[in-house]
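Listed below are the residues making up each chain.
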Amino acid sequence: MNQDQVIERLREGNERYVSNKLSGKLQDGDRRSELVGGQSPWAIVLSCADSRVVPELAFDTGLGELFVLRVAGNIANTDTIASIEYAVAHLATEVIVVMGHESCGAVGAALAGGDNGYNLNHLLAQIEPAKAQAGSSDVNVVVKKNAELSAKDLYDRSAILKGAVDAGKLKITTAFYNLNGGKVDFL
């Protein structure tokens, strides 16, 4: 599949998810056996760790189809960037979707401010640029800006990803998952 076909396949899978017509394909023992020798995911999804947002379900995919990274606030930090670099450089995956979601708790915590302890403060500090640039205190506006800035960070902070994008071998896009109904809007 080319990059546009990958995004279309994600859209089609999301349409099945929203209409409660999941295919349930590639999720059985035969598929697990097929993947013992390796993986060839056709898309990477950097998503929030929120338990209500499950990319494999939202896009109606099976085992081995998506390379998913989940971290609160779908931030592009050193570890998520390195993992994505692996998928691009070693698995030849050509599409990255940075997906925020409605009513993100991490973004809400960043908006609320305050002292949340060392580790959570560190994570929330990475959402501050979106908070500052969104021009709004509406959590969903900031979520979309945060996804945009995380996508930009992937490009700006990784020579591997920048090189692949510049060579036309990688597309980075953003999306927003709506909790009520499960629709994914590509931004």
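K.L.:
Mind laying out the sheet that holds strand E1 (residues 43-47), listing which residues take part and the relevant values?
P.N.:
Spatially, the 5 strands line up as an open sheet ordered E2-E1-E3-E4-E5, and their pairing is mixed. Since the sheet does not close on itself, it has two edges, and those belong to strand E2 (66-70) and strand E5 (184-186), each with one partner. Averaged over neighbouring strand pairs, the angle between their axes works out to 25° when direction is ignored. Bridge count for strand E4 (residues 171-177) against E5 is 3 bridges, and the pairing is antiparallel. Pairing of phenylalanine 176 across the sheet is with aspartate 185, part of E5. In the packing of helix H1 (residues 3-18) onto the sheet, contacts are made with E1, E2, strand E3 (95-101), E4 and E5, and the angle to E4 comes to roughly 15°. Here helix H8 (residues 139-156) sits on the sheet and contacts E3 and E4; the angle it forms with E4, its principal contact strand, is near 160°.

K.L.:
Give a detailed account of the nonpolar core, specifying residues and quantitative values.
P.N.:
Ile44, Ile84, Val88, Ile96 and Leu154 are the most contacted members of the largest nonpolar core, which totals 34 residues. Taken together, the elements giving at least two residues each to this core come down to E1, E2, helix H4 (78-91), E3, helix H5 (105-112), helix H6 (118-125), H8 and helix H9 (159-166). The residues contacting isoleucine 44, other than those within four sequence positions of it, are Phe67, Leu69, Ile84, Ala87, Val88, Thr93, Val95, Ile96 and Val97. If you look at the next biggest cluster of nonpolar residues, it comprises 17 residues, including Val6, Ile7, Met99 and Phe186.

K.L.:
Lay out H5 in plain terms, naming residues and giving numbers.
P.N.:
Inspection of H5 places Ala106, Val107 and Ala110 among the buried residues, and these make up the whole buried set. For H5, the buried positions fall inside an angular range of 100° around the axis, keeping them on one side. After H5 finishes, the residue glycine 113 shows a positive phi value of roughly 70°.

Procedures and definitions
Residues numbered from 1 in each chain as written. Predicted model: local features only at pLDDT ≥ 70, side-chain atom pairs only at ≥ 80, totals over all residues. Heavy atoms only, no water. Pairing = 2+ DSSP bridges. Helix = DSSP H or I, 4+ residues; strand = E, 2+ residues; numbered from the N terminus. Axes fitted to C-alpha atoms, helices over the stretch in contact; angles between N-to-C directions. Contact = heavy atoms within 4.5 Å. Core = buried A, V, L, I, M, F, W, Y, C linked by side-chain atoms within 4.5 Å. Buried < 20%, exposed > 50% of the residue type's maximum accessible area, 1.4 Å probe, protein only. Arc of directions from axis to C-beta.

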